[in-house]
Amino acid sequence: MRKVVICFLVAFAILIVVLIGGSFYMLQYSLGPNPNRLDTEGAYKELFANYPETIEWMDSLRRIDALHDTVLNMPQGYKCHAYYILTGSKRTALVIHGWRDVPIKFFYLARIYEKEFGYNVIIPDVYAHGKSDGDMIRMGWLDRLDMLRWMETFKTDTMVVHGVSMGGATTMMLSGVTMPSGIKDVRFVDDCGYTSVWDEFAGELKNQFGLPEFPLMYTTSLLCRLMYGWSFDEASSINQIKKCRYPMLFIHGDSDTFVPTEMVYRLFAAKRGPKELWITKNTDHACSYFNHREDYIHHLKKFISTKFK
């Protein structure tokens, strides 16, 4: 009997060690920053290769010294970097990039808002991305409060928040908080954001490693809570948009497997108030503009110009 007990205790101890080690690995795998986050030259090469229409536009901005950058001191003590373009307009777009990405790769959206719509544009480096401080990605949850600070800093009468992938989730998470006073019209655009960090990570855990949610998702989420102050289940886009009464446009590719397309239908159903949904055909993750450029601009223009009741 004693040997059985000892064997059980040894097996249990090994299981605990494996779970702890696995949790640390999964946390670093999911939230570790891109080691090439400061490769500005590489980011521009990728931007121009994918969106050659931005080349002439970028040249025009540089000729008149219209593209600037700035750093914002956040209340928690860290600094976040952003690029911005001011046109003198009373309308501003806040563009939020995706997971392990940088703003430069999303200048194609800045071009739409500045050149096509005449907006000011602000594109931050999300915490632990690009030139911003941070050594661990926060998947949009705590980032929603940083985005609120950017809105306050560049506040105008009309503001549109537009995010892609993790940026889309950040956009939705932001939509559930109280907006800065003095903004007369706020709108949100979610392009392929996830329902929650838990849902996204659980799906990837199964797809990438063939593992179920229990027990690793639970232990990794708990570790994230202990180390960084937030958990996977609380970082929920779908819960946040239930609080949102501002207009929101949902965009999602019909062939998306990284953030499964079914997520956007749940998000759309949960959103109250003014909302629109556009499912792009034959489109993988974060490729809606890449595949449907004219239609993308058309849907955006229609959304930002519609007078919602």
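This text goes with the structure placed above it.
Residues numbered from 1 in each chain as written. Predicted model: local features only at pLDDT ≥ 70, side-chain atom pairs only at ≥ 80, totals over all residues. Heavy atoms only, no water.

### A word on the overall build of the chain
Thought 1: Broken down by element type, the chain carries twelve helices and eight strands.
Thought 2: Computed over C-alpha atoms, the radius of gyration of the chain comes to 21 Å, within 12% of the 19 Å expected from 2.2 N^0.38 for 309 residues, which places it in the range of a compact globule.
Thought 3: Across its three principal axes, the chain shows a C-alpha extent of roughly 80 × 40 × 40 Å.
Thought 4: Contacts spanning at least 24 positions in sequence make up 75% of the contacts within the chain whose residues lie at least 6 apart.
Thought 5: For the chain, the exposed surface amounts to about 14,400 Å²; the carbon and sulfur share of it is 57%.
Thought 6: Treating the 35 positive side-chain charges of the chain as one cloud and the 34 negative ones as another, the clouds have centres 6 Å apart. (Helix = DSSP H or I, 4+ residues; strand = E, 2+ residues; numbered from the N terminus. Rg over C-alpha atoms; globule rule 2.2 N^0.38 Å. Contact = heavy atoms within 4.5 Å. Areas by Shrake-Rupley, 256 points an atom, 1.4 Å probe, with all protein chains shown as cover. Lys, Arg positive; Asp, Glu negative; His and termini not counted. Charge placed at Lys NZ, Arg CZ, Asp CG, Glu CD.)

### Topic: the side chain of Ser-89
Thought 1: Within the secondary structure, Ser-89 sits in the loop between β2 (79–85) and β3 (91–96).
Thought 2: Residues within four places of Ser-89 in sequence aside, it is in contact with Gly-118, Tyr-119, Asn-120 and Thr-156.

### Things to note about the environment of Phe-154
Thought 1: Here Phe-154 lies in the loop between α5 (143–153) and β5 (158–164).
Thought 2: Note on Phe-154: relative accessible area 13%, which makes it buried.
Thought 3: Between the C-alpha atom of Phe-154 and that of Asn-120, which follows or precedes it by 34 residues, the distance is 8.9 Å.
Thought 4: Residues in contact with Phe-154, not counting those within four places in the same chain, are Thr-70, Tyr-84, Leu-86, Thr-92, Ile-122 and Met-159. (Buried < 20%, exposed > 50% of the residue type's maximum accessible area, 1.4 Å probe, protein only.)

### Things to note about the packing of aromatic side chains
Thought 1: Inspection of every chain in the model, using the stated rule, returns 26 aromatic pairs.
Thought 2: An aromatic cluster of at least three residues, connected via ring pairs, comprises Tyr-51, Phe-106, Tyr-108, Trp-278, Tyr-289, Phe-290 and Tyr-296.
Thought 3: When the ring centre of Trp-141 is taken as reference, the NZ or CZ atom of Arg-144 above it lies at 3.8 Å.
Thought 4: When the ring centre of Phe-268 is taken as origin, the NZ or CZ atom of Lys-275, which lies over that ring, is 4.5 Å away. (Phe/Tyr/Trp six-rings, centres within 6.5 Å; stacked < 30°, edge-to-face > 60°. Lys NZ or Arg CZ within 6 Å of the ring centre and 35° of its normal.)

### Details of the pattern of salt bridges
Thought 1: Within the structure shown, the criterion is met by 14 salt bridges.
Thought 2: For Lys-105, the salt bridge goes to Asp-101, with nearest N and O atoms at 3.3 Å.
Thought 3: A salt bridge links Arg-266 to Asp-199; its shortest N-O distance comes to 3.6 Å. On the criterion of sequence distance, the pair formed by Arg-266 in helix α10 (residues 262–270) and Asp-199 in helix α7 (residues 197–209) is long-range, its members being 67 residues apart. (Salt bridge = Lys/Arg side-chain N within 4 Å of Asp/Glu carboxyl O.)

### What to know about the sheet that holds strand β7 (residues 248–253)
Thought 1: Pairing is mixed in the open sheet, where eight strands are placed in the order β1-β2-β4-β3-β5-β6-β7-β8. Among the strands making up the open sheet, the edge pair consists of β1 (67–73) and β8 (275–280). The average angle at which neighbouring strand axes cross in this sheet is 20°, direction not considered.
Thought 2: In the sheet, strand β6 (residues 185–191) pairs with β7 via four bridges, with the strands oriented parallel. Note that in β7 the partner of Asp-191 across the bridge is Ile-251.
Thought 3: Helix-sheet contacts for α5 involve β1, β2, β3, β4 (120–124), β5 and β6, and the interaxial angle to β1 is about 120°. (Pairing = 2+ DSSP bridges. Axes fitted to C-alpha atoms, helices over the stretch in contact; angles between N-to-C directions.)

### Structural notes on a nonpolar patch on the surface
Thought 1: Among the surface-exposed residues, Ile-16, Ile-20, Phe-24, Leu-222, Leu-226 and Met-227 lie close enough to one another that they form a single nonpolar patch of about 580 Å² accessible area.
Thought 2: Only α1 (2–31) and α8 (216–228) provide two or more residues apiece to the nonpolar patch.
Thought 3: In this structure Ile-20 comes out as partly exposed when scored by relative accessible area, which is 45%. (Patch = residues over 30% accessible without salt bridge, like charges linked within 9 Å, V, L, I, M, F, W, Y side chains within 5 Å.)

### Details of the environment of Gly-229
Thought 1: If you trace the backbone, Gly-229 turns up in the loop between α8 and α9 (237–241).
Thought 2: Here the alpha-carbon distance between Gly-229 and Lys-131, two residues 98 residues apart in the chain, equals 23 Å.

### Focus on the pairing of β7
Thought 1: For β7, the tally of buried residues reaches six of six residues, placing the bulk of the element in the interior.
Thought 2: Burial of β7 is two-sided: the residues Met-248, Phe-250 and His-252 facing one way and the residues Leu-249, Ile-251 and Gly-253 facing the other way are all buried.
Thought 3: Summarising the sheet, β7 and β8 pair through six bridges and their orientation is parallel. Paired with His-252 across the strands is Ile-279, a residue of β8.

### Description of empty space enclosed by the protein
Thought 1: The tally for this structure, following the rule as stated, stands at one cavity of 30 Å³ or more.
Thought 2: Of the volumes computed, that of the largest cavity is approximately 80 Å³.
Thought 3: If you go around the largest cavity, the residues you meet are Arg-37, Leu-38, Asp-39, Thr-40, Ala-43, Tyr-83, Val-102, Pro-103, Ile-104, Asp-125, Gly-130 and Lys-131.
Thought 4: Split by residue class, the lining of the largest cavity holds six nonpolar, two polar and four charged. (1 Å grid on protein atoms, 1.4 Å probe; cavity = no way out; pocket = protein on both sides within 12 Å on 5 of 7 lines; lining within 4 Å. Points joined across faces, edges and corners; volume = space filled by probe spheres on them. Nonpolar A, V, L, I, M, F, W, Y, C, P; charged D, E, K, R; others polar.)

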